[in-house]
Amino acid sequence: MEIVLATGNAHKAQELEKILSPHRVLIPADLGLDFDCEETGTTYLENALLKARTLSALTDKPVVADDSGISLPALDGAPGIYSARYGSEEAGRMLTAPERNAYLLKNLEDKDDWSAFFVCSMVLMVSEYRFYTVQETMEGRVTDQDAGEGGFGYDPVFFLEEKGKTVAELSEEEKNLISHRGKAGAKLKLILDSLES
Ligand code: ITT
């Protein structure tokens with residue numbers, strides 16, 4: 001099946017292409033669509049639904065949207081749904097991923113608990129009144145020993161005890177097997193398979 005992904009994040013699209021394979025993942029630009037969505041929700045699910053609805057209004061094809069982020073109990077759940085723009089308001093410009101990671105580490109300087117978890121809320125919208133939602137997590141901790149070139153965003157500073165590595169040190173396949181996005185996508189893939197049969 002051919003689906004359109006409601007994202008402006010090229011790394012996410014790359015990951016989802018593998019996760020949902022052999023279903024074909026298009027991005028809005030492939031269809032000449034100008035997709036832009038203000039994320040005004042107060043939860044991951046609300047934002048994922050907003051992105052899915054916005055793109056669904058522009059195409060008849062099934063749409064997948066994902067809203068994700070990282071949360072730290074020591075920071076009362078921050079940055080959470082604001083993970084993409086964490087620290088950017090204070091800086092007066094959009095920070096790069098390494099700058100955001102440095103900002104996170106600075107905010108953790110006086111904290112003992114560096115445990116963290118990623119969340120991914122994913123929506124498959126077939127039509128306005130037919131959609132499926134999944135939300136998954138990946139647990140770990142933030143490290144100041146950043147490592148690895150893979151993945152994106154907070155991956156170089158997200159350490160997995162059981163692997164002895166950061167997420168950025170995992171192969172794409174390894175990350176997809178255990179990540180918040182990989183697990184959510186695997187469930188939605190089963191639904192996509194069932195829609196096709
Ligand atoms: P779209 O909304 O256009 O899909 P985005 O990057 O703004 O792209 P989100 O609103 O879902 O996406 O924000 C998620 C942010 O959380 C993302 O920019 C990363 O900083 C972080 N993030 C999410 N998943 C991640 C992952 O698997 N590894 C590392 N960082 C991740």
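Up top is the structure these notes are about.
What counts, and at which threshold
Residues numbered from 1 in each chain as written. Predicted model: local features only at pLDDT ≥ 70, side-chain atom pairs only at ≥ 80, totals over all residues. Heavy atoms only, no water. Core = buried A, V, L, I, M, F, W, Y, C linked by side-chain atoms within 4.5 Å. Buried < 20%, exposed > 50% of the residue type's maximum accessible area, 1.4 Å probe, protein only. Helix = DSSP H or I, 4+ residues; strand = E, 2+ residues; numbered from the N terminus. Contact = heavy atoms within 4.5 Å. 1 Å grid on protein atoms, 1.4 Å probe; cavity = no way out; pocket = protein on both sides within 12 Å on 5 of 7 lines; lining within 4 Å. Points joined across faces, edges and corners; volume = space filled by probe spheres on them. Nonpolar A, V, L, I, M, F, W, Y, C, P; charged D, E, K, R; others polar. Axes fitted to C-alpha atoms, helices over the stretch in contact; angles between N-to-C directions. Parallel < 35°, antiparallel > 145°, perpendicular 65-115°, else oblique. Left-handed = near helix turned anticlockwise from the far one by under 90°.

Q: Honestly, the nonpolar core in this entry has me stumped. Any pointers?
A: Here is a general trend for soluble globular proteins: nonpolar side chains tend to be buried in one another's company. One finds Ile 70, Leu 72, Leu 104, Leu 108, Val 142, Tyr 154 and Phe 158 to be the most contacted residues of the largest nonpolar core, which totals 19 residues. Mapped by element, the contributors of at least two residues to this core are α4 (97-108), β4 (115-127), β5 (130-142) and β6 (158-160). Per element, the largest residue contribution to this core is three residues, and it comes from α4. In this structure, Tyr 154 is in contact with Ile 70, Pro 79, Ser 83, Tyr 86, Arg 100, Asn 101, Leu 104 and Phe 118, ignoring residues within four places of it in sequence. Grouped together as the second largest cluster of nonpolar side chains are 15 residues, Leu 5, Ala 13, Val 134 and Leu 192 included.

Q: Just checking my understanding: could you explain the layout of surface pockets for this structure?
A: To locate leftover empty space, one rolls a probe as large as a water molecule over the atoms. Each pocket or cavity is described by its volume, and for the largest pocket that value is around 730 Å³. Residue lining of the largest pocket: 30 residues in total, with Asn 9, Lys 12, Glu 39, Lys 51 and Ala 84 positioned closest to the centre. Elements that contribute at least two residues to the lining of the largest pocket include exactly α1 (10-20), β3 (63-71) and α6 (180-196). Examining the composition of the lining of the largest pocket, we find that three residues originate from one element, β3, more than from any other. Within the lining of the largest pocket, the residues separate by chemical class into nine nonpolar, 10 polar and 11 charged. In this model, the second largest pocket occupies a volume close to 180 Å³. Residue lining of the second largest pocket: 14 residues in total, with Gln 14, Glu 15, Gly 150, Gly 151 and Glu 172 positioned closest to the centre. For the lining of the second largest pocket, the secondary-structure elements that each account for two or more residues are α1 and α5 (172-178).

Q: Would you explain the packing of α1 against α6 in this entry?
A: A pair of packed helices can be characterised by two numbers: the angle between their axes and the separation between those axes. Across the interface, α1 lies against α6 with an axial gap of 9 Å and an inter-helix angle of 50 degrees. The orientation of α1 with respect to α6, classified from their angle, is oblique. Considering only the axes of α1 and α6, their crossing is right-handed. In this structure, α1 contributes Lys 12, Glu 15, Leu 16, Ile 19 and Leu 20 to the contact, and α6 contributes Arg 181, Gly 182, Gly 185, Ala 186, Lys 189 and Leu 192.

Function cannot be read off these values alone, since they describe shape.
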